[in-house]
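Fold and geometry: a report
Spelled out from the first residue to the last, the chains are:
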Amino acid sequence: MEAAKMASPKSAPKDAQVMAQILKDMGITEYEPRVINQMLEFAYRYVTTILEDAKIYSSHAKKSSVDADDVRLAIQCRTDQSFTSPPPRDFLLDIARQKNQTPLPLIKPYSGPRLPPDRYCLTAPNYRLKALQKKVSSTAGRITVPRLSVGAVSSRPSTPTLGTPSAQTVSVSAKVGAPVSLAGQRFTVQIPSSQPPGKSATPTTPTVQNVLINPSLISPKNILITTNMVAQGTASDPNPLKRKHEDEDDYDTL
Amino acid sequence: VVVEDQPDVSAVLSAYNQQGDPTLYEEYYSGLKHFIECSLDCHRAELSQLFYPLFVHMYLELVYNQHESEAKSFFERFHGDQECYYQDDLRVLSSLTKKEHMKGNETMLDFRTSKFVLRISRDSYQLLKRHLQEKQNNQIWNIVQEHLYIDIFDGMPRSKQQIDAMVGSLAGEAKREANKAKVFFGLLKEPEFDVPLDDEDEEGENEEGKPKKKKPKKDNVGSKSKKQDPNAPPQNRIPLPELKDSDKLDKVMNMKEAARRVRLGPECLPSICFYTFLNAYQGLTAVDITDDSSMIVGGFADSTVRVWSVTPKKLRSVKTAADLSLIDKESDDVLERIMDEKTASELKILYGHSGPVYGTSFSPDRNYLLSCSEDGTVRLWSLQTFTCLVGYKGHNYPVWDTQFSPYGYYFVSGGHDRVARLWATDHYQPLRIFAGHLADVTCTRFHPNSNYIATGSADRTIRLWDVLNGNCVRIFTGHKGPIHALAFSPNGRFLATGATDGRVLLWDIGHGLMVGELKGHTDTIYALRFSRDGEILASGSMDNTVRLWDAVKAFEDLETDDFTTATGHINLPENSQDLLLGTYMTKSTPVVHLHFTRRNLLLAAGAYSSQ
């Protein structure tokens, strides 16, 4: 950092000199010369914003001119908005006490890279490949991709490494409504989309999802797997896409 | 159980009730000043400690109750009397002239509500009390009771030199009882291994052509005694990740290197290898080196994180999933085959942060890298794919420092919100919050046994926290500026700290005492490191020097009998010059990081600044 050069009184404008004096009073001796310009810019912008806000408040209160109360209110509102400060100490002590009461969680052995659930990681692809097939125009009563909703599932973090996981495929019929008890195995659920006969629509790719169901996270031993069959209508088009997007964020899609 | 100073909500509100007539404050203060200056020499030093906190509290009270002109004249009259190390605080105080200025300044609010701790001997205290309880001095007595906490100890009054060594923090000193909790400063037992002998190791020795005997050597570096060290924490006090095969291989390598380690001492100083970052116009703000000294990472003010390979082996990233399915998984060198040769380069740049990167830390198994930034997040990067894996959001303000635990899995971060947080890589929220500092947490370090965390702060104190329950078990005061460097000794017993005041202070963790003061640096100390066996302490500073200090001599002959443990201070010898083993100047390059390799070669890093 270059040492501060005191601008000669002839060339520096008055407020630059004032700013340099303020910096000196606050004990700042070494700074680049452009700091004065930046500080002046900030001061000008701040005061302008405050005065503009004060004008708005005073006209709202139907006063003829701006007075000190308006300015005070403007400063207070701006402070809460832009210049936030860290939480107060007693609040921090309080949340610390709460957080520190829970014992440290045990570490599961042999679990590969220890990362939070996928939703909290940045490992998911932030793009989605557009399907090449044309979407057929809709008619009422046609069933498209049914979604699988499963309660309380923890997803295994996807590792970018070796091998393909060997999955035990169990095909669950799409009409399942009865509870199925699972014992922590991984399932490949294939939900064939049923096409109405007669339409020569190109088949939509079935969604394959690998879902690890951890029974320890679910209080009842049985999990209810339900599939929602949604009738295709143009109006419902945005909704299925939206639901699908949410699901993909939470779970692995291999 | 440690008593923490919890501010009462009602105390905050009534903190500054009017104490007497504002116009008489100057009289009260000068009256007290006169009394103290006329007291006996032995008491004067101790009673002089009252000046600063009383001055600040009285001034703040006048400002808070909106007596601006009285406040101003009070300040002008008495601010010159204060000790030189409080000048920075006084400058900030001089700009606080109205009640509105006090709102939103968290540090000042905390100062108001927490009691400033003074440690005074019983005799001096009796003298003071007798004087103040006379009728005309009642106001000052009220103020003293309101804002100060006087920790009385039985013993000789302290000399000015002793007091000067230990004061300086925003909250005064530490109460003796704050440093009484038991701390398990011993090391955890290393698991025993059979170290297989390598052919290469034996070549030099068996030149006569004798047949090489291959016997597995038992590791006798760590566990000489089977008994549990009483000062070491139980193995399962906090859950730690189990050792994987790759970790075990790493430990074997470590032990082999340890066998070849150079024994350092005053007669045998380490060679220093300096890594200078040239043309670092991006502004180098953080550096870290892996334990085996194979990679170096730099965090920059342009929000990038750059990783370099220090050895001839280049950095490679893992192949894509499609290619990985083609390789033979059973081959011996599968860990080499998963790497993609096409991506080999010496430098990898990691983009992701949106603000200057202030702290970086490699994981012990070299698979992960952490970086913390002004944007309030801590990011976990994979060193196998060189992509960002997780962003940990919790601090909403700049995070100044982060470090992985020596066993991996846990990491700590400290920032502008005055707390340090303990995280685990697989939890998106922190596991522990360490709150208590009055100002930003600028430096965070794990103890070698991973059970304790030391945090240095801008309030000029160092606190030691227990990971198990989040309690603050030690408070160390004595620095006169924000702390920027912390280092635990390899045996876990001592802590070395460096701050903007240019002093290195040495602390005994078990007893909670300051045991050494190393003067010599003339500017902020940003790097501190003990050698691998704890014989030498290296310090690097903004004054472009690296200094080596004799740690063995600094820690021997400690008179820690019951008396000193009770009073909390010992006589520090003025032996900085004796302990200084060498000063090494760089070419106008401030030293940002220090690292001892496994063979005790000292590596240092900094960015060349052309001045």
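Being a predicted model, the structure only gives us computed values, none of them experimental.

**Some remarks on the overall build of chain A**
A count of helices and strands for chain A gives 5 helices and 7 strands. Taken from N to C terminus, the helices and strands of chain A fall in the order α-α-α-α-β-β-β-β-β-β-β-α. Across the 254 residues in chain A, those meeting the buried criterion constitute 22%. At a minimum sequence separation of 6, the contacts of chain A that also span at least 24 residues come to 68%. When the accessible area of chain A is evaluated, it comes to approximately 18,100 Å², of which 58% is carbon and sulfur surface.

**Regarding the pairing of strand β23 (residues 494–499) of chain B**
Residues and elements named next belong to chain B. Where burial is concerned, most of β23 is hidden: 6 out of the 6 residues are buried. With burial as the criterion, each face of β23 is covered, one bearing F494, A496 and G498 and the other bearing L495, T497 and A499. Bridging between strand β22 (residues 483–488) and β23 involves 5 bridges; their strand directions are antiparallel. Looking at the pairing, L486 lines up with T497 of β23. Linking two consecutive strands that pair antiparallel, namely β22 and β23, is a turn of 5 residues; a positive phi of about 80 degrees is found at G492 within it. In this sheet, strand β24 (residues 504–508) lies alongside β23 in antiparallel orientation, the contact comprising 5 bridges.

**Topic: the interface of chain B and chain A**
Listed per partner, the contact involves 56 residues of chain B and 38 residues of chain A. Carbon and sulfur atoms supply 62% of the area that chain B and chain A bury against each other, a total of about 4,000 Å² over both sides. Run the count over chain B and chain A and you get 1 salt bridge. The salt bridge partner of R114 of chain A is E242 of chain B, with a shortest N-O separation of 3.5 Å. Applying the counting criterion to the chain B and chain A interface returns 13 residue pairs in polar contact (both at pLDDT 80 or more). Of all the secondary-structure elements, those providing two or more residues to the side of chain B that touches chain A are α8 (106–113), β12 (377–382), β13 (388–393), β16 (419–424) and β17 (432–435) of chain B.

**Details of the sheet that holds strand β7 (residues 295–300) of chain B**
Residue and element names in this part refer to chain B. The strand order β6-β7-β8-β9 describes an open sheet built from 4 strands, whose pairing is antiparallel. The open sheet has two edge strands with one neighbour each: β6 (284–289) and β9 (347–350). Taken pair by pair, the neighbouring strands of this sheet meet at an average axis angle of 20 degrees, ignoring direction. With 4 bridges joining them, strand β8 (residues 305–309) and β9 adopt antiparallel strand pairing.

**Re the domain arrangement of chain B**
Residues and elements named next belong to chain B. For chain B, the assigned domains are domain 1 (19–173) and domain 2 (272–324 + 356–559 + 570–605). Centre-to-centre separation of domain 1 and domain 2, based on C-alpha positions: 35 Å. Taken residue by residue, the interface counts 19 residues in domain 1 and 17 residues in domain 2. Contact between domain 1 and domain 2 buries roughly 1,400 Å² in total, counting both sides, with carbon and sulfur atoms accounting for 49%. The largest contributions to the domain 1 side of the interface with domain 2 come from A165, M166 and L170, which together make up 30% of the buried area. Seen at the junction of domain 1 and domain 2, the total is 1 salt bridge. When the shortest N-O distance is used, the salt bridge between D89 and R460 registers 2.6 Å. Linking domain 1 with domain 2 are 9 residue pairs in polar contact (both at pLDDT 80 or more). Secondary structure elements with two or more residues in the side of domain 1 that touches domain 2: α8 and α11 (160–166).

**Overview of the confidence of the model for chain B**
All names here are of chain B. Here chain B shows a mean pLDDT of 85. Residues at 70 or above account for 88%. Low confidence marks residues 199–223, where pLDDT is under 50. Its contacts with residues over four positions away, or in another chain, come to 24 contacts. On the interface metric, ipTM, the complex scores 0.82, and its pTM is 0.77.

**Some words on the environment of L104 of chain A**
With respect to the helices, strands and loops of the structure, L104 of chain A is situated in the loop between α4 (89–101) and β1 (147–150). Classification of L104 of chain A as buried rests on a relative accessible area of 10%. As for L104 of chain A and Q21 of chain A, which are separated by 83 residues in sequence, their C-alpha atoms are 53 Å apart. Setting aside chain neighbours within four positions, we find L104 of chain A in contact with I238, P239, Y410, L422, L431, R432, V467 and L468 of chain B.

**A short note on the nonpolar core**
Residues and elements named next belong to chain B. Ranked by size, the top nonpolar core spans 45 residues in total, and within it F55, L60, F74 and L93 carry the most contacts. With 10 residues, helix α4 (residues 51–64) is the single largest residue contributor to this core. Those residues in contact with F55 that lie beyond four places of it in its chain are Y29, F74, F75, F78, H79, Q82, L90 and L93. Within the second largest apolar cluster, 43 residues are counted, among which are A165, F184, A487 and L528.

**Observations regarding the UniProt feature "repeat: WD" (unreviewed entry) in chain B**
All names here are of chain B. Here the UniProt-annotated "repeat: WD" (unreviewed entry) positions come out as residues 277–318, 350–385, 392–423, 434–475, 476–509 and 518–550. This span, residues 277–318, is 0% helix and 43% strand, and a straight line between its end C-alpha atoms measures 28 Å. As a span, residues 518–550 carries 0% helix and 58% strand, and end to end its C-alpha atoms are 10 Å apart.

**Brief notes about the environment of L51 of chain A**
Among the secondary structure elements, L51 of chain A is positioned in helix α2 (residues 34–60). According to the relative accessible area criterion, L51 of chain A is partly exposed, its value standing at 45%.

**A few points about helix α9 (residues 122–132) of chain B**
Because an α-helix completes one turn every 3.6 residues, residues spaced three or four positions apart along the sequence face the same direction. The set of residues buried in α9 of chain B consists of S124, Y125, L128, H131 and L132 of chain B. Taken end-on, α9 of chain B shows its buried residues confined to a sector of 130 degrees, consistent with a single buried face.

**Things to note about a nonpolar patch on the surface**
On the surface, V18, I22, M26 and I28 of chain A cluster together into a nonpolar patch covering about 310 Å² of accessible area. On the basis of relative accessibility, which here comes to 42%, the residue V18 of chain A falls in the partly exposed class.

**Some remarks on the sheet that holds strand β21 (residues 472–477) of chain B**
All names here are of chain B. In space, the 4 strands of this open sheet follow the order β18-β19-β20-β21, with antiparallel pairing throughout. At either margin of the open sheet sits one strand with a lone partner, and together these are β18 (441–446) and β21. Within the sheet, the average angular offset between the axes of one strand and its neighbour, ignoring direction, is 20 degrees. Alignment of strand β19 (residues 452–457) against strand β20 (residues 461–466), held across 5 bridges, turns out to be antiparallel. Note that in β20 the partner of G456 across the bridge is I462.

**A closer look at the pattern of salt bridges**
Applying the stated criterion to the full structure yields 35 salt bridges over all chains. Between D67 of chain A and K63 of chain A there is a salt bridge, with its nearest N and O atoms 3.3 Å apart. By relative accessible area, which is 31% here, D67 of chain A ends up partly exposed. According to the relative accessible area criterion, K63 of chain A is partly exposed, its value standing at 33%. A salt bridge links E173 of chain B to R158 of chain B, with the shortest nitrogen-to-oxygen separation between them at 2.8 Å. Separated by 15 residues along the polypeptide, E173 of chain B in the loop between α11 and β3 (194–195) and R158 of chain B in the loop between β2 (148–153) and α11 bring together distant segments of the chain. R158 of chain B carries the same exposure label as E173 of chain B, and that label is buried. Salt bridges linked by common partners bring D250, D291, D292, R366, R532 and R598 of chain B together as one network.

Cut-offs and rules
- For every chain, the first residue of the written sequence is number 1, and numbering continues from 1 onward in sequence order.
- Note on labels: chains are lettered from A, ligands numbered from 1, in written order.
- Selection of residues for local features in this predicted model requires a pLDDT of at least 70, selection of side-chain atom pairs for listing and counting requires 80 or more, and totals for whole chains, interfaces and linings are taken over all residues.
- The side-chain values count all of the structure's non-hydrogen atoms but skip hydrogen atoms and water molecules.
- Numbering of helices and strands runs from the N terminus, with a helix taken as a DSSP run of H or I at least four residues long and a strand as a DSSP run of E at least two residues long.
- Here the term buried applies to any residue with accessible area under 20% of the maximum for its type, exposed to any over 50%, and partly exposed to those in between, with areas from a 1.4 Å probe on protein chains only.
- The contact criterion used is simple: two residues touch if any of their non-hydrogen atoms lie within 4.5 Å.
- Surface exposure here means Shrake-Rupley accessible area, sampled with a 1.4 Å probe, where a residue is shielded only by the protein chains that are shown.
- Pairing between strands is defined by DSSP: at least two bridges between the two strands are required.
- Buried area counts how much accessible surface, traced with a 1.4 Å probe, disappears from two parts once they are put together, with both parts' losses summed.
- Any Lys or Arg side-chain nitrogen located within 4 Å of an Asp or Glu carboxyl oxygen qualifies as a salt bridge.
- Here a polar contact is recorded for every N or O atom pair within 3.5 Å, except that within protein the pair must consist of a potential hydrogen donor and a potential acceptor, and residues adjacent in sequence are included only if both atoms are side-chain atoms.
- Every angle, taken between N-to-C directions, lies between 0 and 180 degrees, and every axis is a line fitted to C-alpha atoms, over only the stretch in contact when it is a helix.
- Boundaries between domains were set according to an automatic or database domain assignment.
- Residue-level confidence of the predictor is what pLDDT reports, using numbers from 0 through 100.
- For our purposes a nonpolar core is just a set of buried Ala, Val, Leu, Ile, Met, Phe, Trp, Tyr and Cys residues, chained together by side-chain atoms within 4.5 Å.
- UniProt positions are given in the numbering used here, feature names are shortened, and annotations may be inferred rather than shown by experiment.
- Regarding the arc, it is the one traced by the directions from the helix axis to the C-beta atoms.
- Residues form patches when they are more than 30% accessible in relative terms and have no salt bridge. Like charges link within 9 Å. Nonpolar side chains (Val, Leu, Ile, Met, Phe, Trp, Tyr) link within 5 Å.

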